[in-house]
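Secondary and tertiary structure notes
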Amino acid sequence: GFFLIFFTNSYAETISTLEVLDKDDKKTMNEDLTITSSGSITCDADGCVTLNKAGLTVHNSGTIKVTGTNQNNAIVSSKDDSKVFNYGTISNTSSNAAIRWQGLSDSDGDGLGGYIYNSGTIEATSAAYTIRILTSGSAYKIDNYGLITNSYSSGQTIFLTDTTGVTINNYSGGIISATANTDSGEKGAITANATNTSSNTTVNNWGTVTAAHDTIVLGDTSTINNYGKIESVNFSDSPAIIMKGDNSTVNLYDGTLLLGWIDDGTDTGNAKSGSTLNLDLCSSYYFK
C-alpha cells in the first residue's frame, strides 16, 4: 500500500521585536506575516508590507507604520484573496493610504477577493486615504470593531473607486471618522468616487460614522442599513449622506442618530434617479 501525505503551505514569518527598515526598503511577502504585540515594523518606503502572492494573510497585534515624505501605503496588495487582521495599529504618517487593495478577485471560492478585520486602529495622519480599494474583481468585506480614522484635512477614510460589492460592517463601539476633512472635493468617512462610480456597496452601521463634511457618499445601487450614529460635524452646511449614483437605498432603523441631512444627488444638470429612504423606526423621531 502507498500512503500519500499532503502538507499545506505552513510557511509564515513572525516578528516579535522592533524592525526598522532602511530608507526605500520594504517587506515583499511571499508568505503569511504575523506581528505579535511586542513586534513592530517601521518603513520609510513605498509599500511597507507588500503582499506578493495570492491568498496571503497579515495578522498584526503590534504596529505597522510608514514614515518619511511621499511614501505610500503601509500594506498594499494587488493579489487575490488578501486578508488583514488588525488588533494593533496600522499607520501611515506619509502619503496615499494605510491599506491599499487593487484589482483583487476571489480565487479560493470563499466569495471575497479581499478582507479586512479591525479591532485596533487603522489611521492616516497625512495621507489622502486610510483604506483605499480600487477596481474589484469580486466582493470585498471590512469588519470594524475598533477605530478607522483619517486626521488629514484633505483625507478620506474609506475610499472606493470602480468597485462592485463592497460590504462595510461597523459594529457597536466601532468608529469610522474623518473629522478634520475640509468641504472641497470628495472627502468623507466612507466615499464612493463620483467619477469611476462604485456599485452595490452595503454599509451596515451599529457604531459611529462621522466626518466634518460629506460623511457617507454612495455610488450606484448601494444600501445603508443604519442602527447607530451617522454624523456630519458641520451639519448646517454639509450632508451626512449623499447619493452620487442611481438607485440607492437608505434604511434608518430604531437606534438611529442622524446628524446632518440626506442629499439625493440631484445637482443641476446631474439628476439621479431611484433613490429610496425607508424609516423603519419603532420609537418616535423628529426632524428639523
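The number of helices and strands found in the protein chain is zero helices and 31 strands. In terms of C-alpha radius of gyration, the protein chain reaches 20 Å, essentially the compact-globule figure of 19 Å for 288 residues. Its C-alpha atoms give the protein chain principal-axis dimensions of roughly 70 × 55 × 35 Å. Here the protein chain holds 288 residues, and 49% of them are scored as buried.

Taken in spatial order, the eleven strands make up an open sheet running 1-4-7-10-13-16-19-22-25-28-31, and their pairing is parallel. Across the chains shown, the open sheet's two edge strands, defined by having one partner strand only, are strand 1 (12-15) and strand 31 (276-280). Across this sheet, the average inter-strand angle for adjacent strands is 5°, counted without regard to direction. Relative to strand 7 (residues 57-60), strand 4 (residues 32-35) runs parallel, the two sharing three bridges. The partner of leucine 33 across the bridge, within strand 7, is valine 58.

Okay, the state of the cysteines next. Cysteine pairs can be linked by a disulfide, which is a covalent bond between their two sulfur atoms. Summed over the entire model, instances satisfying the criterion amount to one disulfide. Disulfide pairing places cysteine 43 opposite cysteine 48 at an S-S distance of 2.1 Å. When the S-S torsion is 55°, as for the bridge of cysteine 43 with cysteine 48, the disulfide is right-handed. Note on accessibility: cysteine 43 and cysteine 48 belong to one class, buried.

What follows is about the confidence of the model for the protein chain. The predicted model of the protein chain has a mean per-residue pLDDT of 89, with 92% of residues at 70 or higher. Predicted confidence is poor over residues 5-9, with pLDDT under 50, and the contacts of this stretch with residues over four places away or in other chains come to one contact.

Let us now look at the packing of aromatic side chains. Enumeration according to the criterion identifies nine aromatic pairs in this entry. Measuring from centroid to centroid gives 5.0 Å for tyrosine 129 and phenylalanine 159, while their planes differ by 25°, and the two rings are stacked. On the criterion of sequence distance, the pair formed by tyrosine 129 in strand 15 (residues 129-134) and phenylalanine 159 in strand 18 (residues 156-161) is long-range, its members being 30 residues apart. By relative accessible area, which is 15% here, tyrosine 129 ends up buried. Ring geometry for tyrosine 171 against tryptophan 206: centres 5.3 Å apart, planes inclined by 0°, an arrangement best described as stacked. Within this pair, whereas tyrosine 171 is found in the loop between strand 19 (166-170) and strand 20 (175-178), its partner tryptophan 206 is found in the loop between strand 22 (202-205) and strand 23 (208-211), the two being separated by 35 residues in sequence. Here the aromatic cluster, defined as three or more aromatic residues joined through ring pairs, consists of Phe85, Tyr87, Tyr115, Tyr117, Tyr145, Tyr171, Trp206, Tyr227 and Tyr253.

Judged by how many residues are buried, strand 15 sits mostly within the fold: six of six residues are covered. Both strand 12 (residues 99-102) and strand 15 contribute to a ladder of four bridges, which runs parallel. Looking at strand 15, one finds that isoleucine 99 is bridged to isoleucine 131. Looking at chain direction, strand 15 and strand 18 are connected through five bridges and run parallel. When the bridges of strand 18 are listed, isoleucine 131 appears paired with isoleucine 158.

As for its position among the elements, methionine 243 is in strand 27 (residues 241-243). Distance from methionine 243 to glycine 103, taken between C-alpha atoms, is 24 Å for residues 140 residues apart in sequence.

Turning next to the sheet that holds strand 21 (residues 190-192). Strands in a sheet are paired, the pairing made by backbone hydrogen bonds, and the direction either parallel or antiparallel. Spatially, the ten strands line up as an open sheet ordered 3-6-9-12-15-18-21-24-27-30, and their pairing is parallel. The open sheet has two edge strands, strand 3 (27-29) and strand 30 (262-263), and neither has a second partner.

The tally for this structure, following the rule as stated, stands at seven salt bridges. Residue lysine 27 pairs with glutamate 13 through a salt bridge whose shortest N-O separation is 2.9 Å. Of this pair, lysine 27 sits in strand 3 while glutamate 13 sits in strand 1, and the two are 14 residues apart along the sequence. When its relative accessible area of 22% is taken as the criterion, glutamate 13 is described as partly exposed. Glutamate 19 is the salt-bridge partner of lysine 27, the closest N and O atoms lying 3.3 Å from each other. Judged by its relative accessible area of 11%, lysine 27 is buried. One salt-bridge network, in which partners are shared between bridges, spans Glu13, Glu19 and Lys27.

Cut-offs and rules
Residues numbered from 1 in each chain as written. Predicted model: local features only at pLDDT ≥ 70, side-chain atom pairs only at ≥ 80, totals over all residues. Heavy atoms only, no water. Helix = DSSP H or I, 4+ residues; strand = E, 2+ residues; numbered from the N terminus. Rg over C-alpha atoms; globule rule 2.2 N^0.38 Å. Buried < 20%, exposed > 50% of the residue type's maximum accessible area, 1.4 Å probe, protein only. Pairing = 2+ DSSP bridges. Axes fitted to C-alpha atoms, helices over the stretch in contact; angles between N-to-C directions. Disulfide = S-S within 2.5 Å. pLDDT = per-residue confidence, 0-100. Contact = heavy atoms within 4.5 Å. Phe/Tyr/Trp six-rings, centres within 6.5 Å; stacked < 30°, edge-to-face > 60°. Salt bridge = Lys/Arg side-chain N within 4 Å of Asp/Glu carboxyl O.

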